[in-house]
Amino acid sequence: MVRFRVASALALMALLPSMASAQAAKTLEPSDFVGISFWLISMALVAATAFFFLETQRVAGKWKTSLTVSGLVTLVAATHYFYMREVWIATGSTPTVYRYIDWLITVPLLITEFHLILSAIGRASSGIFWRLIGSTTAMLVAGYVGEAGYVGVWPAFIVSMLFWIAVLYEIFMGEASKAAAGDAPASVQSAYKTMRLIVTFGWAVYPIGYFMGYLTGGNPADSMGMLNIVYNFADVVNKIAFGVIIWSVAVSETEGK
Ligand SMILES: *C/C=C(C)/C=C/C=C(C)/C=C/C1=C(C)CCCC1(C)C
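Residues numbered from 1 in each chain as written. Predicted model: local features only at pLDDT ≥ 70, side-chain atom pairs only at ≥ 80, totals over all residues. Heavy atoms only, no water.

At a minimum axis distance of 10 Å, the contact between helix 4 (residues 96-121) and helix 5 (residues 126-147) shows a crossing angle of 165°. Taken together, the axes of helix 4 and helix 5 are roughly antiparallel relative to one another. For the pair helix 4 and helix 5, the crossing hand works out as right-handed. Here helix 4 contributes Thr96, Val97, Tyr100, Trp103, Leu104, Val107, Pro108, Ile111, Thr112, Phe114, His115 and Leu118 to the contact with helix 5, which in turn contributes Ile128, Phe129, Leu132, Ile133, Thr136, Thr137, Leu140, Gly143, Tyr144 and Glu147. A class-by-class count of the residues in the contact of helix 4 with helix 5 yields 15 nonpolar, 6 polar and 1 charged. (Axes fitted to C-alpha atoms, helices over the stretch in contact; angles between N-to-C directions. Helix = DSSP H or I, 4+ residues; strand = E, 2+ residues; numbered from the N terminus. Parallel < 35°, antiparallel > 145°, perpendicular 65-115°, else oblique. Left-handed = near helix turned anticlockwise from the far one by under 90°. Contact = heavy atoms within 4.5 Å. Nonpolar A, V, L, I, M, F, W, Y, C, P; charged D, E, K, R; others polar.)

Next up, the structure:
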């Protein structure tokens, strides 16, 4: 039964690329490094999804949900990458709207994982969860209205940064940090600390991308190339590496190491 469900999820994933490529007008040029990065990352996300879903069968019960959520993050992102890749290759323009739809779904899923780890430590309140969801959503909406041209790129950047700082405050100094200081197994505590570092340094790559894309005053074509390369790289760290950290804690806890 479990095997059947995993198999059908994988079969569905295999169909996704063909669904997304129906309207492709051009093929990938060997000199299009941004396009190549879209390809590499979409494939890495597919592989990561298969891996996280299959590994749910190996870890102890309380870790299964975390790994399933990791797989959902990479599945949702892979699907968006198929579309983003086509937009970039066919038109050479930045797929802002697909990027932000992806983030609006995957960031709350990542916050859910954060919260699952916190619950494994023992004292996670729902207030922490909703504050993190609220701040991250506001951070993304501000970024979107800046990138899509509804408001100035600078004010949007500043507002978005403030909400990200609110997230950092919550996880380093707020209730979440206190909840994490419980008497959980060392491996769970270290997972929480590592996830916190990802939200600090891994997430910092996104504002750097935004800055390089809109705020340096460089040639727009070069800036958009940088923006996409940096965002793509950030997604590898924050979606795949994040999941791998959870996976490694889950395996070592399950196997009693
Ligand atoms: C899987 C996708 C993730 C984890 C996306 C995270 C996105 C951010 C942390 C974006 C942050 C931004 C700022 C802090 C300021 C400039 C605008 C944003 C939206 C790029």
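Next, the rest of the story.
Relative to each other, helix 2 (residues 33-55) and helix 9 (residues 220-254) sit at 15°, their axes nearing to 10 Å. In this view, helix 2 runs roughly parallel relative to helix 9, as classed from their interaxial angle. Here helix 2 runs over helix 9; the crossing is left-handed. Along its contact with helix 2, which presents Phe33, Val34, Ser37, Phe38, Ile41, Ala44, Leu45, Ala48, Phe51, Phe52 and Glu55, the element helix 9 presents Gly225, Asn228, Ile229, Asn232, Phe233, Val236, Lys239, Ile240, Gly243, Val244 and Trp247. Here the residues of the contact of helix 2 with helix 9 are counted per class, giving 15 nonpolar, 5 polar and 2 charged.

Inspection of the region around the ligand gives 20 residues, with Trp103, Met139, Ser160, Tyr206 and Lys239 positioned closest. Out of a free accessible area of 530 Å², the ligand has 100% covered by protein chains. Elements supplying a minimum of two residues to the shell around the ligand: helix 4, helix 5, helix 6 (153-172), helix 8 (186-215) and helix 9. (Near = heavy atom within 4 Å. Areas by Shrake-Rupley, 256 points an atom, 1.4 Å probe, with all protein chains shown as cover.)

In this model, helix 9 (35 residues) spans 50 Å end to end at C-alpha, consistent with the 51 Å of a helix rising 1.5 Å per residue. By the largest-angle criterion, alanine 241 marks the main kink of helix 9, which is about 30°. Sitting at the head of helix 9, asparagine 219 places a side-chain oxygen 3.0 Å from the backbone nitrogen of alanine 221. A positive phi of about 65° marks glycine 256, the residue just after helix 9. (Expected span 1.5 Å × (residues − 1). Bend = angle between axes of the 7 residues up to and from the residue. Polar contact = N/O pair within 3.5 Å; in protein donor to acceptor, adjacent residues only side chain to side chain.)

A few words on the packing of aromatic side chains. For the structure on display, the rule yields 18 aromatic pairs. For the ring pair tryptophan 103 and tyrosine 231, a centre distance of 5.0 Å and an interplane angle of 75° mean the geometry is edge-to-face. In this pair, tryptophan 103 is assigned in helix 4 and tyrosine 231 in helix 9, connecting sequence segments 128 residues apart. Pairwise contacts between aromatic rings join Tyr100, Trp103, Tyr144, Tyr150, Tyr206 and Tyr231 into one cluster. One Lys or Arg, arginine 85, reaches over the ring of tryptophan 39 and ends 3.6 Å from the middle of that ring. (Phe/Tyr/Trp six-rings, centres within 6.5 Å; stacked < 30°, edge-to-face > 60°. Lys NZ or Arg CZ within 6 Å of the ring centre and 35° of its normal.)

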